[in-house]
Amino acid sequence: MTQPFIVSSGIARHQGFAELAAKGPLTHLTLFTGVPVWLVTGYAETRSLLAHPDVVRSPMDGPHRDQITAGLVNATEQHMLVVNPPDHTRLRKLVTAAFTRRRIEGLEPRIREIAAGLLDEMAAAGDGVDLVDAYSYPLPITVICELIGIPMRDREEFRRWSSVAVNATVHTPDEYIEAAGAMVGFIRDLIEEKRGAPADDLLSALIEARDGSDRLTEDELTSMIFLLLAAGHETTVNLITNGVHALLRYPDQLALLKAEPERLPAAVEEILRYDGPLQAAIPYVAQAPIEIAGSRIEAGEVIVFALLPANRDGRKTDRPDELDITRPENAHLAFGHGIHHCLGAPLARLEGRIALGMLFDRFPNLRLAAPQQDPDRAASLLMNGIRELPVLL
């Protein structure tokens, strides 16, 4: 059975996953890339397998691995998202020392300042804007670039590079090699600049991060910044855009949020569950046979965790296909689970709360320009992002 993940319509994307999930929490199929996988759509099964010691990252998981040089592989894939313990444990410890909660919480005033400036520009642009271009994209890319320490003049290049990097499977090898190579070259130049003139930014902190005599290697530094730039902002773009779209499609929930703004944290969690920024996690592989939910995953078989249907599993959540910001319990897997749970989740949540709260405060009559039309979703194996979202202010 072949089941492409790439569909243009958001409704079709959720419906397609729902049809697979109705057959059982695990399905054996072939991706559009030609790779046979076990697709996991059940919430309990996803949590169980993500925490299973025999479910690991594969050293051959990287995009276009058969056509790119070892040097580019090492410069982009020596980060904690794609390695296993003990390397993962070591890298996470070093990165966490620089990526502290205090550093993230200290960003709130600046995030609010950036959002306010973008909202001013939206107001000056006229009644209709594309929310993605005007707000959802520039806010997180500005935040992550300032956090890392990337000059403003270089940020527009990252939109092109990072889009290719996170959606590598739908780009040609040449397109990926060009974008990833350009990004790595820029990062290496920036590392040298920061070594000569350290600043109060994350890259300088990562360069200095130590655990005794241990520190990040050059390839580990470039890989970590590559990850933060490519995936660290793209997911937040999707969180903001999907969140606005969902709330505008559920006016009763939006009205409740406006009347009781203290529900904003719960609203962000419900958005993450209902229409999260990722449709699937980076693939894993079984290193030993695993029996689960009546299926047997053999050693060496690839496992893909479909986060969208797992978060809408009716065995876990009542009325899973409805947006309800009043849910008393809202456990979801939008940021993964287990040792690879997203380190940047606190930053994404903070940006989501600020972005949504300030947007609806500034434009209380915000509405979809085409309310009957479901927006196109970007082609991707991993991301669940809306290409553009025309709104009226």
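Residues numbered from 1 in each chain as written. Predicted model: local features only at pLDDT ≥ 70, side-chain atom pairs only at ≥ 80, totals over all residues. Heavy atoms only, no water.

(A) Structural detail: empty space enclosed by the protein. All told, the structure shown has 1 cavity of 30 Å³ or more when counted by the stated rule. The calculated volume of the largest cavity comes to roughly 30 Å³. Of all the secondary-structure elements, those providing two or more residues to the lining of the largest cavity are helix H4 (87–98) and helix H12 (218–249). (1 Å grid on protein atoms, 1.4 Å probe; cavity = no way out; pocket = protein on both sides within 12 Å on 5 of 7 lines; lining within 4 Å. Points joined across faces, edges and corners; volume = space filled by probe spheres on them. Helix = DSSP H or I, 4+ residues; strand = E, 2+ residues; numbered from the N terminus.)

(B) Spatial organisation of the packing of helix H14 (residues 264–275) against helix H16 (residues 345–362). Across the interface, H14 lies against H16 with an axial gap of 10 Å and an inter-helix angle of 110 degrees. Looking at the two axes, H14 sits roughly perpendicular to H16. The handedness of the crossing between H14 and H16 is right-handed. Contacts between H14 and H16 involve Leu264, Pro265, Val268, Glu269, Ile271 and Leu272 from the first element and Arg349, Gly352, Arg353, Leu356 and Gly357 from the second. By residue class, the composition of the contact of H14 with H16 is 6 nonpolar, 2 polar and 3 charged. (Axes fitted to C-alpha atoms, helices over the stretch in contact; angles between N-to-C directions. Parallel < 35°, antiparallel > 145°, perpendicular 65-115°, else oblique. Left-handed = near helix turned anticlockwise from the far one by under 90°. Contact = heavy atoms within 4.5 Å. Nonpolar A, V, L, I, M, F, W, Y, C, P; charged D, E, K, R; others polar.)

(C) Looking closely at unusual backbone geometry. Cis geometry is adopted by the peptide bond preceding Pro86, which originates at Pro85 and carries an omega value of 5 degrees. One can find Pro86 in the loop between helix H3 (70–76) and H4. Positive phi, close to 50 degrees, is recorded for Ala293, a residue that is not glycine. Inspection of the secondary structure puts Ala293 in the loop between strand E8 (290–292) and strand E9 (295–297). Phi is positive for Arg319, which is not a glycine, with a value near 50 degrees. Looking at where Arg319 falls in the secondary structure, it is placed in the loop between helix H15 (307–311) and H16.

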